[in-house]
Amino acid sequence: MPAPLAAVPAVPGSAPVPGRLVRKHLDDEVLITDWRPVSGTTHRVTAHWPQRHDFYASHVDRYSPLLLIETIRQALALLSNAAYEVPLEYRLGWDYCSCTITPAMLGIRPEDSGAAVELTITHTLPTTRRRSGPVRLEAEISAVREGELLGTAHLRYTCHPPALYDRLRGRHADAKTATSLAPPPGTPVPPGQVGRTAERDVVLCPTGQPRRWQLRVDTGHSVLFDHAHDHLPGMVLLEAASQAVQYLAGPERTNPVTLRTHFTRYTELDAPCWIEATPLERPEPGLVSSDITGTQNGQVTFTTHMVARL
């Protein structure tokens, strides 16, 4: 008989939820503080963004737009287990992510202790679920800060049971082994050219070719790799796309406002991944856009269409 997807009671509180529920090992990286059901398919999730964050708030006046996507990632990991009874040992992978962000709502005020963000998440659930089979979920998300719309998103993702995931991943299945096989990070693009202040936060290496970089993988980065992974996390790939657009825009500071990403294959840690971008377009005054592609071993692993505001 199929196992039902039934909601379970929320555990409210102002402290972050346990890191294991959002697939984070470092307590300081947990953003979610509360969740509650609205219906069987809709939930509200509350997050707290710290006033300072070494990676997602490296500029003193604004949060990175990708912090919203990381918040959504944590919320979906939480709800898949706590609300829909997907076991914690299942491996979650994104298939598609689209997001629209309001840059004006990313500001940081020095007098605040951080920002409260509320997500309303509505899932489309499978009508049946086979025991020990994958669970495919789809979610619509809206995010609000101080009563104003911060952004919206649409995601499709799959939760794989361990036995199936191990067969799917083959020799790459073990996270510790896969992480140990990653080569040392290469020479980064100058941080200022990709909107960063520290070399350790740069995820692109120059290749000498215009609009083409090698993905820079630093498995010692405490935010992007706070634990071992069997493949490159999607947040690293989205950061690469964001940095590529900033590089092409030159000295003008960019704020991604729209992205549409298809994750078509796993991006492995033990082989180079090449990031390529189309020439920058200006769809309207104050906006730039580009299509970014990740390729590994001759195969496309992800594609992103990104629009950024100058």
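Residues numbered from 1 in each chain as written. Predicted model: local features only at pLDDT ≥ 70, side-chain atom pairs only at ≥ 80, totals over all residues. Heavy atoms only, no water.

Draft legend 1. Structural view of the pairing of strand β11 (residues 287–296). For β11, the tally of buried residues reaches 8 of 10 residues, placing the bulk of the element in the interior. Where strand β10 (residues 274–277) and β11 come together, 4 bridges link them in antiparallel fashion. Of the residues in β11, the one forming a bridge with Ala277 is Ile292. Note: β11 against strand β12 (residues 299–309), 10 bridges, orientation antiparallel. If you follow Gln296 over to β12, its bridge partner there is Gln299. Joining the antiparallel neighbours β11 and β12 is a turn of 2 residues, in which Asn297 adopts a positive phi near 55°. (Buried < 20%, exposed > 50% of the residue type's maximum accessible area, 1.4 Å probe, protein only. Helix = DSSP H or I, 4+ residues; strand = E, 2+ residues; numbered from the N terminus. Pairing = 2+ DSSP bridges.)

Draft legend 2. Inspection of the confidence of the model for the protein chain at higher detail. When the pLDDT values of the protein chain are averaged, the result is 92; 94% of them are 70 or greater. Counting contacts from residues 1–13, a segment whose pLDDT is below 50, to residues more than four positions away or on other chains yields 29 contacts. (pLDDT = per-residue confidence, 0-100. Contact = heavy atoms within 4.5 Å.)

Draft legend 3. Structural context of the nonpolar core. Counting residues in hydrophobic clusters, the biggest one holds 82 residues, and the most contacted among them are Trp49, Leu68, Ile69, Leu119, Ile121, Leu215 and Ile275. At 10 residues, helix α1 (residues 66–82) tops the list of elements feeding residues into this core. Not counting residues within four places of it along the chain, the set of residues in contact with Ile275 comprises Leu204, Arg211, Arg212, Trp213, Leu215, Ala240, Ile292, Thr293, Gly294 and Phe302. (Core = buried A, V, L, I, M, F, W, Y, C linked by side-chain atoms within 4.5 Å.)

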